[in-house]
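Okay, here's what each chain looks like letter by letter:
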Amino acid sequence: MAFVASKETYSGKVYQVNIGTGANAANLGGENVLPFHSFEGTVPNKPVIAYEIQDVPPTDWPENVQKPYSSVSGDPVAWAKFCQDNLKAKAIALRLLGTHPDRENRSPEVAAKTVKDVLSAINVPLIILGSNHAEKDAPVLVAAAEAAKDRNCIIGKAQEANYKTIVAAAMANNHKLIAMSELDINLSKQLNILITQMGFDKERLVTDPMCSALGYGLEYTYSVMERIRLAALTQNDLTMQPPMLADVGMYVWKIKEAQAPESEMPLWGNTEERGIAWEATTATALLVSGAELLIMRHPRAIEAVEKLIEELV
Amino acid sequence: MALSGVEIFKLLPKTNCKKCGHPTCLAFAMKLAQRQATLDACPDVSDEAKRVLGEASAPPVRPITFGSGDKAVKMGEETVLFRHEKKFVNPCAFAVEVKDTLSESEITKKIEDVLASEIDRVGQKLRIDAIAITNASGDKGKFEAAAKLVSSKAPNTPVILSTTDTAAAEAAIKLFSGKRPILYGANSSNADAMANIAKTEKAILGVTAHGLEDLSNLTEKIKALGVEDMVIDAGSVKAKDILGNNTLIRRAATKKNFKPLGYPVINFVQRDDTLLELLVAGIAVTKYSSVIVLSSIEKWKNLVLFTLRQNIYTDPQVPMQVEQKIYNIGEPKPESPLMITTNFSLTYFIVSGEVENSKVPSRLAVMDCEGLSVLTAWAAGKFTATKIAQFITESGIEKDISHKELIIPGYVAILSGSIEDKLEGWKVTVGPREANGLPAFLKARAA
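Residues numbered from 1 in each chain as written. Chains lettered and ligands numbered in written order. Predicted model: local features only at pLDDT ≥ 70, side-chain atom pairs only at ≥ 80, totals over all residues. Heavy atoms only, no water.

**A look at the overall build of chain A**
Along chain A, the regular secondary structure elements total 10 helices and 10 strands. Computed over the C-alpha atoms, the radius of gyration of chain A is 19 Å, within 12% of the 20 Å expected from 2.2 N^0.38 for a compact globule of 313 residues. Projected onto its principal axes, the C-alpha coordinates of chain A cover approximately 65 × 55 × 35 Å. When contacts within chain A are restricted to residue pairs at least 6 apart in sequence, those whose partners lie at least 24 apart make up 68%. Carbon and sulfur atoms make up 51% of the accessible area of chain A, which amounts to about 10,700 Å² in all. Separation of charge centres in chain A, based on 29 positive and 38 negative side chains, amounts to 4 Å. (Helix = DSSP H or I, 4+ residues; strand = E, 2+ residues; numbered from the N terminus. Rg over C-alpha atoms; globule rule 2.2 N^0.38 Å. Contact = heavy atoms within 4.5 Å. Areas by Shrake-Rupley, 256 points an atom, 1.4 Å probe, with all protein chains shown as cover. Lys, Arg positive; Asp, Glu negative; His and termini not counted. Charge placed at Lys NZ, Arg CZ, Asp CG, Glu CD.)

What follows is the structure, given as structure tokens:
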């Protein structure tokens, strides 16, 4: 019995979404096969990893992931430049956490100024994220989108509760948009449809099906991503074809395994290595299930995942 | 490929004799197709039908047990490419490489690390499953010595003997008689001799070739020599090839029922960079590997790999549940807050994570709602005032706390009055709707 490789021809493809401007602009997606299946189709772009920074010092991050940024994280501009210039970040994700009502409750105007300052200091693509407070994110992201006009950023996250204003702001200022729904393929599809019904071009969307950390529901994100990608490729479902985002860092660095000291959990081994490995492995699983854009925190985790990506293409 | 009910029916006696316990042969055929009945229930079936049905009903990836006794590992039996379609059946085994060039004390240390690797996670005992002794020295004596050390210090741990030297293989394998080791290293130039050793010693043969075509030819040849149990390796080293070859192997087996590749896959992922090695192993875990050989097994690395394997091999149709009980978060005092939620594992993980983030020591009552989330459980009548009151009363928590206040999820605010009616003397407070509101909620109360 002779072996014949059973190769798939898919009817759909993932939209190619361009972010940033100038020489450092990047493309997400564009492939017409499952992740890293270059043996049966074209994979024009590698996944992109964005370094996560925030507008307030990362006192809410565990010590081990604060450390690499301790000299710069008091100032988002210095932090962004450090990621771009010293760590060779291909993209940066600025989380406007300080706007959250339970945090510093900063105004949209203050957030907009931070965005402007960060953008004037970097030339890699920028992802602008709210504080994940649906109500507050709307005015914050509107102001941020205006401040970043024509820099071709990704703004987000638009959710069912607040998408209308954010979509309008992304459209008016020529940005890409993250559409986030909660771990359900149908909700994700529905949100994409609602957004495109407002006249937003579906080829400018990035889908966030909601991330989860290894050991904390990773299998749900993994399978939702696989199913979204299969719908895009095998059923040519146009509403499921945007590239996908895995917002890895914020989910990983709050769980116990990423921070419990070895003295308390001797069977778990070195705390720092464990946290880095946890973030990198969560990212790895989501890359093979379909993520094209990752947001991560620890420079060593990012470096390892970038090495892996080189081995996968 | 599995046969349909009608195809099976054509092979049956069509006498409707009912001896199988089904009203008609067609009904029996339908049950066979769904694998809810077995052919031996039919006393009159022909030998020809047995042969055809036997071949068709054999699992696309051959089931093989690696090792013996309590630590034996089941491999194969997989039927799908994507875990949402159907549960992945047999979790992959992790093995650590022990090179025969290492000193006796280095080998001993590795063996001890394997024996001490067991961790309990969500009620499952997880460990490094096997030791792979590799003949890096090329010397028969050193290989045998390393094997001796492993067989005496870890007599119950499944073993992979990796060598292409048939004399070394023959010498070492005798130390694992009856223990179902994997003899890895059969290739196109030594296949006859290796097959012979595997057959004599009842070992599983690890077959390696360059590419899938050569590999299929080789497994067919070895099968013809009388060895049925094999693990296969297409020579995949780079992550790209592990993903590509493993995918094509799983597809050939499950979608085309291509027998020459219907065996569990073994991958060697050793790298100098241990973190990169972990990630390549992660590719192998997610993409269909049955045995993964590592160069090092740091504790943190093991925990990550065990957790990933557990996540990928979870049954997607059964909600993961946590045990019903009152969990302490931090070190709660008698006056610390008491919250309640359901036992869907994701709900528990998210809620307990946010409570932990609040740094407010608390008690979290997790109620058995058959693994449903709060709203679903409420809608299904499993998270009701009566059941909550009963759980809180029977838990005996009243003895440990100095207050009688229960915080319920915001989504079931509607239950607050009826819980107060049923839990005499208790006050019910409505918490936030989403778990991410908990840190602010708890901190504001503590202030």
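**Observations concerning a nonpolar patch on the surface**
A contiguous nonpolar surface patch, about 380 Å² in accessible area, is contributed by L375(B), W378(B), Y411(B) and I414(B). On the secondary structure map, I414(B) appears in the loop between strand 16 (405-408) and helix 15 (416-422). (Patch = residues over 30% accessible without salt bridge, like charges linked within 9 Å, V, L, I, M, F, W, Y side chains within 5 Å. Salt bridge = Lys/Arg side-chain N within 4 Å of Asp/Glu carboxyl O.)

**Details of the packing of aromatic side chains**
As enumerated under the stated definition, the model contains 13 aromatic pairs over all chains in all. Arranged with centres 5.7 Å apart and planes meeting at 55°, the rings of F3(A) and F258(B) form a pair that is tilted. Note that F3(A) is positioned in the segment before strand 1 (16-19) and F258(B) in the loop between helix 9 (239-256) and strand 11 (266-268), a pairing that runs across two chains. Considered together, F3(A) and F258(B) belong to a single accessibility category, that of buried residues. Ring centres 5.5 Å apart and planes at 45° place the aromatic pair Y69(A) and W79(A) in the tilted group. You can see Y69(A) sitting in the loop between helix 1 (63-66) and helix 2 (76-86) and its partner W79(A) sitting in helix 2, a full 10 residues away along the chain. (Phe/Tyr/Trp six-rings, centres within 6.5 Å; stacked < 30°, edge-to-face > 60°. Buried < 20%, exposed > 50% of the residue type's maximum accessible area, 1.4 Å probe, protein only.)

**So, the packing of helix 4 (residues 104-115) of chain B against helix 5 (residues 140-153) of chain B**
All names here are of chain B. Remark: helix 4 packs on helix 5, axes separated minimally by 10 Å, with the N-to-C direction vectors making an angle of 35°. Viewed along their axes, helix 4 and helix 5 form a crossing whose handedness is right-handed. On the side of helix 4, the interface is formed by E104, I107, T108, I111 and L115, while helix 5 contributes A146, L149, V150 and K153. Tallied by class, residues from the contact of helix 4 with helix 5 come to six nonpolar, one polar and two charged. (Axes fitted to C-alpha atoms, helices over the stretch in contact; angles between N-to-C directions. Left-handed = near helix turned anticlockwise from the far one by under 90°. Nonpolar A, V, L, I, M, F, W, Y, C, P; charged D, E, K, R; others polar.)

**Things to note about the sheet that holds strand 11 of chain B**
Residue and element names in this part refer to chain B. Reading across the sheet, the eight strands line up as 10-9-8-7-6-3-12-11 and stay open at both edges, with parallel pairing between neighbours. Two strands in the sheet have a free side with no partner beyond their single neighbour: strand 10 (230-233) and strand 11. Adjacent strand axes in the sheet meet at a mean angle of 25°, parallel and antiparallel pairs treated alike. Of the pairings in the sheet, the one linking strand 8 (residues 182-186) to strand 9 (residues 204-208) comprises four bridges and is parallel in character. In the strand pairing of strand 9, A186 is matched with V207. The sheet contacts of helix 7 (residues 191-201) involve strand 8 and strand 9, and relative to strand 8 the element is tilted by about 170°. Sitting on the sheet, helix 8 (residues 212-224) is in contact with strand 8, strand 9 and strand 10, with an inclination near 150° to strand 9. (Pairing = 2+ DSSP bridges.)

**Some details on the interface of chain A and chain B**
Contacts between the two partners involve 56 residues from chain A, matched on the other side by 54 residues from chain B. In this assembly, chain A packs against chain B so that about 4,900 Å² is buried in total across both faces, 65% of it on carbon and sulfur atoms. Linking chain A with chain B are six salt bridges. The residue K287(B) makes a salt bridge to E226(A) at a minimum N-O spacing of 3.9 Å. (Buried area = accessible area lost by both parts, 1.4 Å probe.)

**A short note on helix 3 (residues 108-121) of chain A**
Residues and elements named next belong to chain A. Over its 14 residues, helix 3 extends 20 Å from the first C-alpha to the last, a length consistent with the 20 Å expected when each residue adds 1.5 Å. Among the residues of helix 3, P108, A111, A112, T114, V115, V118, L119 and A121 are the ones counted as buried. Buried residues in helix 3 make contact with helix 2, strand 4 (91-95), strand 5 (126-129) and helix 4 (134-147). (Expected span 1.5 Å × (residues − 1).)

**Details of the environment of H403(B)**
Residues and elements named next belong to chain B. By the element assignment, H403 lies in the loop between helix 14 (385-395) and strand 16. Classification of H403 by relative accessible area gives buried; the value is 17%. In sequence terms H403 and D47 are 356 residues apart; their C-alpha atoms lie 74 Å from each other. Of note is the side chain of H403, whose polar atom sits 3.0 Å from the backbone nitrogen of E405. (Polar contact = N/O pair within 3.5 Å; in protein donor to acceptor, adjacent residues only side chain to side chain.)

**Describing the pairing of strand 9 of chain B**
For a regular strand, side-chain orientation follows a simple rule: the groups alternate between the two sheet faces. Residues and elements named next belong to chain B. The element strand 9 is largely enclosed, with a buried count of five among its five residues. Once the chain exits strand 8 it traverses helix 7 before rejoining the sheet at strand 9, and the crossover so formed is right-handed. As defined by bridge partners, strand 9 adjoins strand 10 across four bridges and the pair is classed as parallel. When the bridges of strand 10 are listed, V207 appears paired with I232. Read from strand 9 through helix 8 to strand 10, the crossover connection turns out right-handed. (Right-handed = clockwise from strand over helix to strand, strands pointing away.)

**Here's the deal with the pattern of salt bridges**
Residues and elements named next belong to chain A. Enumeration according to the criterion identifies 40 salt bridges over all chains in this entry. Ionic pairing is found between E52 and R95, a salt bridge with its closest N-O pair at 2.8 Å. With E52 in strand 3 (residues 48-54) and R95 in strand 4, this pair connects stretches of sequence that are 43 residues apart. The class of E52 is buried, set by a relative accessible area of 0%. Counted as one network, the salt bridges with shared partners bring together E52, R95, K157, D208, D247 and R297.

**Some thoughts on the packing of helix 10 (residues 299-312) of chain A against helix 9 of chain B**
Where helix 10 of chain A contacts helix 9 of chain B, the two axes come as close as 6 Å, and the packing angle between them is 55°. By the angle between their axes, helix 10 of chain A is oblique relative to helix 9 of chain B. For the pair helix 10 of chain A and helix 9 of chain B, contact is made by L308(A), E311(A) and L312(A) and by A239(B), K240(B) and L243(B), respectively. The class makeup of the residues in the contact of helix 10 of chain A with helix 9 of chain B is four nonpolar, no polar and two charged. (Parallel < 35°, antiparallel > 145°, perpendicular 65-115°, else oblique.)

**Regarding the state of the cysteines**
Residue and element names in this part refer to chain B. Under the definition given, this model contains zero disulfides over all chains. For the unlinked cysteine C17, the closest cysteine sulfur is that of C25, found at 6.1 Å. Among the residues examined, C17 registers a relative accessible area of 32% and is labelled partly exposed. (Disulfide = S-S within 2.5 Å.)

**A few points about the domain arrangement of chain B**
Per the domain assignment, the segments of chain B are domain 1 (5-57), domain 2 (64-312) and domain 3 (325-446). Spacing between the C-alpha centres of domain 2 of chain B and domain 3 of chain B amounts to 46 Å. (Domains from an automatic or database assignment.)

**Overview of the side chain of N302(B)**
Residues and elements named next belong to chain B. Relative to the helices and strands, N302 resides in helix 11 (residues 299-312). On the basis of relative accessibility, which here comes to 3%, the residue N302 falls in the buried class. If we ignore the near neighbours within four places in the chain, the residues touching N302 are S117, I128 and I297.

**Some thoughts on helix 9 of chain B**
All names here are of chain B. The terminal C-alpha atoms of helix 9 lie 25 Å apart, and with 18 residues this matches the ideal 26 Å at 1.5 Å per residue to within 8%. For helix 9, a buried count of 14 out of 18 residues is recorded, marking the element as mostly surrounded by other parts of the structure. Residue N257 follows helix 9 closely and has a positive phi angle near 50°.

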